[in-house]
Amino acid sequence: MSSSPRAERTPAPVLRPPRTWSLRTRLILTQLLLLAVVCAGVGVATEFALQRFLMNQLDEQVIEAGRRSSMIFEFGPPPPPGMGMPPPPGVGMPPPPGVGMPVPPVGPPPRRGHHMMIRDEGPGPAFLNAPGQAILTVGAVVSDGRADDAGMIATDGSRTEISDVAARQLATVAVGGRPHTVDLDGLGRYRVVAFPSHMEGEAVVAGLPTTDVDDTLFWVAVIFGVVAVVALMAAGTAGAVIVRRQLAPLARVSEAAQQVADLELDRGEVRLPTPIVKVDPAAAQTEVGQLGSALNRMLDRIAGALSARHASETRVRQFVADASHELRTPLAAIRGYTELAQRKQAELPDDVAHAMSRVESETARMTQLVEDMLLLARLDTGRPLDRDSVDLTRLVVDAVSDAHVAAPDHVWELDLPDEPLTVCGDEARLHQVLANLLANAGIHTPAGTTVTTSLTATDTGDVLVRVVDDGPGIPARLQPDVFERFARGDTSRSRRGGSTGLGLAIVAAVVRAHHGTISLHSVPGRTEFAVVLPGDTQAVHSVGPR
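Below is a short write-up of the structure. Along each chain, the written sequence defines residue order, and numbers are assigned to residues from 1. Only residues with pLDDT of at least 70 get local features here, since the model is predicted, and only at 80 or more are side-chain atom pairs given and counted; chain-wide, interface and lining totals rely on the full set of residues. Working from all heavy atoms in the structure, the side-chain values ignore hydrogens and water.

### What about the packing of helix H5 (residues 350–380) against helix H8 (residues 503–513)?
The line we're drawing: Note on geometry: axes are C-alpha line fits, over the in-contact stretch for helices, and angles between N-to-C directions span 0 to 180 degrees. The way it works is that DSSP assigns letters per residue, a run of H or I at least four long becomes a helix, a run of E at least two long becomes a strand, and they are numbered from the N terminus. Our angle categories are set so that under 35 degrees counts as roughly parallel, over 145 as roughly antiparallel, 65 to 115 as roughly perpendicular, and the remainder as oblique. Helix crossings are classified by the rotation of the near helix relative to the far one: an anticlockwise turn of less than a right angle makes the crossing left-handed, while a clockwise turn makes it right-handed. Contact criterion: two residues are considered in contact whenever any of their non-hydrogen atoms come within 4.5 Å of each other. Polarity classes work like this: nonpolar for Ala, Val, Leu, Ile, Met, Phe, Trp, Tyr, Cys and Pro, charged for Asp, Glu, Lys and Arg, and polar for all others, with Gly in that last group.
The geometry of H5 relative to H8 is characterised by a closest axis approach of 10 Å and an angle of 30° between their N-to-C directions. By the criterion of interaxial angle, the relationship of H5 to H8 is roughly parallel. The chirality of how H5 crosses H8 is left-handed. Note on element contacts: H8 touches H5 through Ala 505, Ile 506, Ala 509, Val 510 and Ala 513, opposite Asp 372, Leu 375, Leu 376 and Leu 379. Here the contact of H5 with H8 is built from residues that sort into eight nonpolar, no polar and one charged.

And the structure:
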């Protein structure tokens with residue numbers, strides 16, 4: 001019989017270490033912990049002092065009960081009010097009429113410690129019935145270490161027996177010492193004391209229960225515990241309110257810092273609010289006030305540095321734009337003269353003809369570089385692009401066809417949907433994005449590399465363009481800077497074709513201008529560029545099948 005697999009148990013939540021708690025939580029818990037320790041210390045001290053006080057009172061009562069019991073046992077009870085001490089029988093009394101000698105009493109003489117005014121009823125020594133004895137008082141007459149007579153006063157005032165074990169426990173009480181606690185069998189805790197008798201070997205033992213003391217201590221502890229819990233709850237609530245109010249400036253500093261952290265500080269003009277934290281002049285010397293002032297000073301310096309950086313970038317971009325624009329005219333003249341010289345190539349010496357061909361090729365390369373820099377400068381200034389419905393499927397086909405002609409030693413593959421996909425954008429710039437990505441794959445991968453261009457629609461209505469090659473890949477240390485200007489790969493990705501290092505920078509800028517995203521994932525054997533562009537849903541319905 002096979003047993004069914006046990007259900008997977010949900011892992012128990014792991015308690016976070018205190019160092020990961022918020023400052024507010026740690027302050028409140030520390031306050032409650034200290035208050036709990038103080039309450040516990042006060043409670044223990046109060047219980048100890050009260051226990052000593054109540055036990056001293058009980059000991060005085062026990063000693064008084066013991067003395068009373070010993071006196072009654074030795075000399076009998078005191079006479080009723082208004083009467084003197086009765087004389088011994090036959091002493092000082094005249095004889096009855098007609099009799100010369102007193103008549104002795106009939107029957108056995110009374111026992112020592114018993115008086116005719118004490119009702120000798122019930123078990124236990126007779127002094128338990130004496131006036132002034134409290135209920136639940138225990139008493140015993142001990143002779144030679146053995147309890148000859150032992151009992152207690154019941155709650156109804158009558159005398160009752162105690163167990164033999166309890167009697168033996170009373171017999172072991174030291175004579176003449178201070179009261180001490182004995183846990184009597186069947187009766188509970190008692191404070192007992194023993195007084196010696198005039199007869200050698202005899203002692204009188206008396207005791208009172210500690211029930212009242214124990215109950216008082218218990219209820220005091222309960223009341224103190226309830227008060228402590230209520231006090232801790234009130235202190236926790238008040239502490240949370242107070243800590244929150246006191247840490248409110250710190251929360252504002254944290255919120256302000258978070259706002260600054262969310263700003264786009266890497267490009268463009270950045271305007272930081274100054275002061276970002278309002279500091280009360282009266283609280284400027286506090287820790288939170290000093291933190292707010294330091295943050296304001298830091299942001300002032302950062303704002304100044306960002307403004308200087310933006311001004312410098314603006315000047316550089318303007319210079320690049322102006323230089324690119326101005327270079328177009330002399331480059332066009334150089335290119336025209338080289339073309340004119342090339343027409344008379346047969347009349348020129350071989351070395352001059354070769355030099356002119358090199359001038360022409362480098363002029364074309366420099367012209368392309370100037371055009372790329374001018375395009376980036378325009379994109380940096382935020383110049384608007386054309387917004388038309390662009391059939392991205394047709395652009396992909398055209399771009400792959402051009403790449404196949406430029407690099408016939410590569411394997412170019414297409415993965416297109418059945419229906420055309422369109423986006424809203426600048427057709428010329430989007431074609432430049434595809435051409436640069438394919439040129440990048442063709443230039444920086446060896447012959448025989450397979451380059452696959454795919455086009456798909458996402459669930460959110462966007463269009464995803466992927467260019468994947470199975471070349472050597474881009475080193476991980478170069479991937480974070482691959483979209484920067486003039487970024488170049490190392491020797492593992494060939495630099496054939498005279499790349500300017502602006503191709504992927506232009507791709508990123510054009511995609512960003514179309515409100516899209518571009519990403520790179522590269523490992524040896526697979527490099528993927530993924531471009532996501534917002535789809536043109538209206539244009540999809542307006543464009544028919546190819």
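### Here we look at the packing of aromatic side chains
To keep it simple, the criterion reads: Only Phe, Tyr and Trp rings are paired, with Trp represented by its six-membered ring, and only when their centres lie within 6.5 Å; those with planes under 30 degrees apart are stacked, over 60 edge-to-face, the remainder tilted. A simple rule labels every residue: compare its accessible area, found with a 1.4 Å probe on the protein chains alone, to the largest value its type can have, and call it buried under 20%, exposed over 50%, or partly exposed in between.
This model, assessed by the stated rule, comprises two aromatic pairs. Aromatic side chains Phe 218 and Trp 219 sit 5.3 Å apart centroid to centroid with 75° between the ring planes, which places their arrangement in the edge-to-face category. When its relative accessible area of 51% is taken as the criterion, Trp 219 is described as exposed. Centroid distance Phe 483 to Phe 529: 6.2 Å. Interplanar angle 85°. Geometry classified as edge-to-face. With a gap of 46 residues between them, Phe 483 in the loop between strand S11 (463–469) and H8 and Phe 529 in strand S13 (residues 526–533) connect regions that are remote in the sequence. According to the relative accessible area criterion, Phe 483 is partly exposed, its value standing at 22%. Its relative accessible area of 3% is what places Phe 529 among the buried residues.

### What about the packing of helix H7 (residues 427–443) against H8?
At a closest axis distance of 9 Å, the pairing of H7 and H8 adopts a crossing angle of 145°. Every pair of crossing elements has a handedness; the one defined by H7 and H8 is left-handed. Of the residues in H8, those in contact with Arg 429, Gln 432, Val 433, Asn 436, Leu 437 and Asn 440 of H7 are Gly 503, Leu 504, Ile 506, Val 507, Val 510 and Val 511.

### Quick word on the sheet that holds strand S1 (residues 138–143)
Put simply, the rule reads: A pair of strands is considered paired only if DSSP assigns at least 2 bridges between the two.
Taken together, the six strands give an open sheet; going across it, the order is S3-S2-S1-S6-S5-S4, and neighbouring strands pair in antiparallel fashion. Two strands close off the open sheet at either side, each with one partner strand: strand S3 (159–160) and strand S4 (180–184). Strand direction decides the pairing type here: S1 and strand S2 (residues 146–153), joined by six bridges, are antiparallel. By the bridge assignment, Val 141 is partnered in S2 with Asp 149. Seen against the sheet, helix H1 (residues 23–75) touches S1, strand S5 (188–196) and strand S6 (202–209) and runs at an angle of roughly 45° to S5.

### Points about the pairing of S13
Within S13, six of the eight residues are buried, which leaves it mostly tucked inside the rest of the structure. The pairing of S11 with S13 spans seven bridges and is classified as antiparallel. Paired with Val 467 across the two strands is Phe 529, which belongs to S13. In this structure, strand S12 (residues 517–523) lies alongside S13, joined through seven bridges in antiparallel fashion. Its bridge partner being in S13, Val 523 is matched across the sheet by Arg 526. Linking S12 back to S13 in an antiparallel pair, the connection comprises two residues, with Gly 525 at a positive phi of about 95°.

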